[in-house]
Amino acid sequence: MTPNQQEYLKKIHSIQENLAKTWAEYWQQYSTPGSWQFWVTLGAFILPLVILYFLIDRKKAFHLGFYGFNVHVWFHYSDTAGVYNGLWTYPYQINTIIPVSFSLDASLIPVSFMLLYQWTINHHKNYYVYATVLCLFFAFIFKPLLTGIGFFQLHEWATYGYLFVFYLGVILLSKWITNLFLYFEKQH
């Protein structure tokens, strides 16, 4: 490693340390359990998981769980990239460790798509049509609502249309990966 490269890495490390410290200070000021926003965020994490517990088709739990985990992973990666690149911010969080909305990434979004996926399977409906409608809802109704109440902020060149494409990419990739593994399972 060259000395110049080493210097760059030290600079990046220092910036990341300062950013983590700043987020922790911000969280202590505005997003602790003493704020109503914390409880809304926590509720948005817990409530969908409780609903899923009661509504999931237990005969298809592994299949639906695999799909939901795909949604979670791809949504989290994409959301992290958006936050990391300064395209959007979540002003209120459950914790300071993850700089994205843990409630959305790990619960609300995956559970919503899991239940939709389950419904399309059980009722022989076109997944792509209904998932696209849910993407439209999240991008053009839900995220603007979060913006209006101060739980989400768009920056730079990011738009709600961009978020729609992001959601669409996540649900397509998640479905295709799930289909691939179902194909592998049937081949055995």
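Calculation criteria
Residues numbered from 1 in each chain as written. Predicted model: local features only at pLDDT ≥ 70, side-chain atom pairs only at ≥ 80, totals over all residues. Heavy atoms only, no water. Salt bridge = Lys/Arg side-chain N within 4 Å of Asp/Glu carboxyl O. Buried < 20%, exposed > 50% of the residue type's maximum accessible area, 1.4 Å probe, protein only. Helix = DSSP H or I, 4+ residues; strand = E, 2+ residues; numbered from the N terminus. Contact = heavy atoms within 4.5 Å. Domains from an automatic or database assignment. Buried area = accessible area lost by both parts, 1.4 Å probe. Polar contact = N/O pair within 3.5 Å; in protein donor to acceptor, adjacent residues only side chain to side chain. Patch = residues over 30% accessible without salt bridge, like charges linked within 9 Å, V, L, I, M, F, W, Y side chains within 5 Å. Areas by Shrake-Rupley, 256 points an atom, 1.4 Å probe, with all protein chains shown as cover. UniProt positions renumbered as here; feature names shortened; annotations may be inferred. Axes fitted to C-alpha atoms, helices over the stretch in contact; angles between N-to-C directions. Left-handed = near helix turned anticlockwise from the far one by under 90°. Nonpolar A, V, L, I, M, F, W, Y, C, P; charged D, E, K, R; others polar. Phe/Tyr/Trp six-rings, centres within 6.5 Å; stacked < 30°, edge-to-face > 60°. Lys NZ or Arg CZ within 6 Å of the ring centre and 35° of its normal.

**Quick look at the pattern of salt bridges**
Tallied over the entire structure, the rule returns one salt bridge. Salt-bridge contacts for D57 lead to K60; the nearest nitrogen and oxygen are separated by 3.4 Å. Relative accessible area serves as the criterion here: at 18%, D57 is assigned to the buried category. On the basis of relative accessible area, K60 is assigned to the partly exposed category, the value being 25%.

**Here we look at the side chain of T89**
Residue placement: T89 occurs in strand β1 (residues 88-89). The contacts of T89, once residues within four sequence positions are left out, are W23, F151, F152, Q153 and H155.

**Remarks on the domain arrangement of the protein chain**
Taken domain by domain, the protein chain holds domain 1 (1-31) and domain 2 (32-187). One C-alpha centre belongs to domain 1, the other to domain 2; they are set 28 Å apart. Across the boundary between the two partners, domain 1 contributes seven residues, which contact 12 residues of domain 2. For the pair domain 1 and domain 2, the two sides together bury roughly 840 Å², of which 59% comes from carbon and sulfur. Of all residues in domain 1, W23, W27 and S31 bury the most surface against domain 2, accounting for 68% of the area lost on that side. The tally of links between domain 1 and domain 2 comes to zero salt bridges. Linking domain 1 with domain 2 are four residue pairs in polar contact (both at pLDDT 80 or more), by the criterion used here.

**Focus: unusual backbone geometry**
With a phi close to 55 degrees, H124 is a non-glycine residue in the positive phi region. Within the secondary structure, H124 sits in the loop between α4 (102-122) and α5 (127-148). Here H124 falls in the exposed class, since its relative accessible area comes to 74%. Here the phi dihedral of E156 falls at roughly 55 degrees; this positive angle occurs in a residue that is not glycine. Residue placement: E156 occurs in the loop between β2 (153-154) and α6 (160-187).

**Observations regarding the environment of E156**
We classify E156 as exposed; its relative accessible area is 66%. Placed 69 residues apart in sequence, E156 and L87 show a C-alpha to C-alpha distance of 5.7 Å. Other than its neighbours up to four places away in sequence, E156 contacts G86 and L87.

**Topic: a nonpolar patch on the surface**
Among the surface-exposed residues, I46, L47, V50, I51, Y53, F54 and L55 lie close enough to one another that they form a single nonpolar patch of about 710 Å² accessible area. Along the chain, L55 falls in helix α2 (residues 36-55).

**A look at the UniProt feature "transmembrane region" (unreviewed entry) in the protein chain**
Listed under "transmembrane region" (unreviewed entry) in the UniProt record, and renumbered for this structure, are residues 36-56, 61-77, 97-117, 129-154 and 160-184. The span residues 61-77 is 100% helical and 0% strand by assignment, and the distance between its end C-alpha atoms comes to 24 Å. The span residues 160-184 is 100% helix and 0% strand, and its two end C-alpha atoms sit 36 Å from each other.

**Topic: the packing of α5 against α6**
Taken N-terminus to C-terminus, the directions of α5 and α6 make an angle of 145 degrees; their axes are 9 Å apart at the nearest point. With respect to the hand of their crossing, α5 and α6 are arranged in right-handed fashion. Residues Y127, Y128, A131, T132, C135, L136, F138, A139, F140, K143, P144 and T147 of α5 lie in contact with α6, whose contacting residues are Y160, G161, L163, F164, Y167, L168, I171, L172, K175, W176 and N179. Residues of the contact of α5 with α6, tallied by class, amount to 17 nonpolar, four polar and two charged.

**Some details on the packing of aromatic side chains**
Summed over all chains, the structure comprises 31 aromatic pairs. Judged by centre distance (5.0 Å) and plane angle (40 degrees), the ring pair of Y26 and Y30 falls under tilted. Of this pair, Y26 and Y30 both sit in helix α1 (residues 3-30), four residues apart, which is roughly one turn of that helix. Looking at Y26, the relative accessible area reads 27%, which means it is partly exposed. We classify Y30 as partly exposed; its relative accessible area is 46%. Look at Y127 and Y128: their rings are 5.3 Å apart centre to centre, the planes differ by 80 degrees, and that puts the pair in the edge-to-face class. Residue Y128 is classed as partly exposed on the basis of its relative accessible area, which comes to 32%. Of the aromatic side chains, those joined through ring pairs into one cluster are F75, W88, Y90, F113, F137, F138, F142, F152, W157, Y162, F166 and Y167. Taking the ring centre of F152 as reference, the NZ or CZ of K143 above it sits at 4.1 Å.

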